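Descriptive analysis of the structure
Single-letter residue listing:
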Amino acid sequence: MPLHAQKPETNIRFSPKYLLNLGKNAERLGDYYSAIDYYNQYLERDSGNCKVRYNKAELCRLIRDYSQAERDYLKTYSKDKNKYCEALYYAALMEINKGDYSIAMENLSKFKIAIKKNPPLKQKYKGIIDNHITSCQIAQHILDYAINVSIIHLDTSINKSHIEFSQLPLDV
């Protein structure tokens, strides 16, 4: 049975606007976990708000919840591909962090095509995308041809914890 300080149902009485303000305030104070909780409750009532979902994805990225950040970036991108084009790039970065290199390469390629119509984004990500795609290819190659290694530790009589830092008497 999970333990909670308060039940999630207690915030049902709050309006979506109030939940959004609570989330913004928690984010302003640096309490990203609470902000994400408030944004989740807000998005349960208004799932079409791309700005809040993108903001929540940014917070998930900051707290290193890459799986949730990836989902939110992809949902944001699918709802508004023009305004939130960078969400696809960040989703690909989350996939790289998770080790999903093939999916990341696909999304980076889609992003590369999408920014051709947007000169400021094209200038901003000019060489970065190709570097990410190359790094994904190299990482995938390394994983495909990894060597299995077996590590055998030395006998416990060698290098005990008190030997490493003991003083060594010298005759001067």
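These remarks concern the structure in this document. Owing to the predicted nature of the structure, the values given are computational and were not obtained by experimental measurement. (Residues numbered from 1 in each chain as written. Predicted model: local features only at pLDDT ≥ 70, side-chain atom pairs only at ≥ 80, totals over all residues. Heavy atoms only, no water.)

1. Description of helix α1 (residues 16-28)
Taking 1.5 Å per residue as the helical rise, α1 with its 13 residues ought to reach 18 Å, and the 18 Å between its terminal C-alpha atoms agrees with that figure. Here α1 has its buried residues at L19, L20, L22, G23 and A26. When α1 is viewed along its axis, its buried side chains cluster within an angular range of 160° and face the same direction. Away from the buried face of α1 by more than 90 degrees, exposed residues K17 and R28 are located. On its buried face, α1 is in contact with α2 (32-45) and α3 (50-62). G30 occupies a position one or two residues after α1 and carries a positive phi of about 85°. (Helix = DSSP H or I, 4+ residues; strand = E, 2+ residues; numbered from the N terminus. Expected span 1.5 Å × (residues − 1). Buried < 20%, exposed > 50% of the residue type's maximum accessible area, 1.4 Å probe, protein only. Arc of directions from axis to C-beta. Contact = heavy atoms within 4.5 Å.)

2. Some details on the packing of helix α5 (residues 86-98) against helix α8 (residues 128-144)
Close contact between α5 and α8 brings their axes to 12 Å; oriented N to C, the two are set at 25°. For the element pair α5 / α8, the angle class is roughly parallel. Relative to α8, α5 is oriented so that their crossing is left-handed. Two secondary-structure elements touch here, α5 through Y89, L93 and I96 and α8 through I128, H132 and C136. Split into classes, the residues belonging to the contact of α5 with α8 amount to five nonpolar, one polar and no charged. (Axes fitted to C-alpha atoms, helices over the stretch in contact; angles between N-to-C directions. Parallel < 35°, antiparallel > 145°, perpendicular 65-115°, else oblique. Left-handed = near helix turned anticlockwise from the far one by under 90°. Nonpolar A, V, L, I, M, F, W, Y, C, P; charged D, E, K, R; others polar.)

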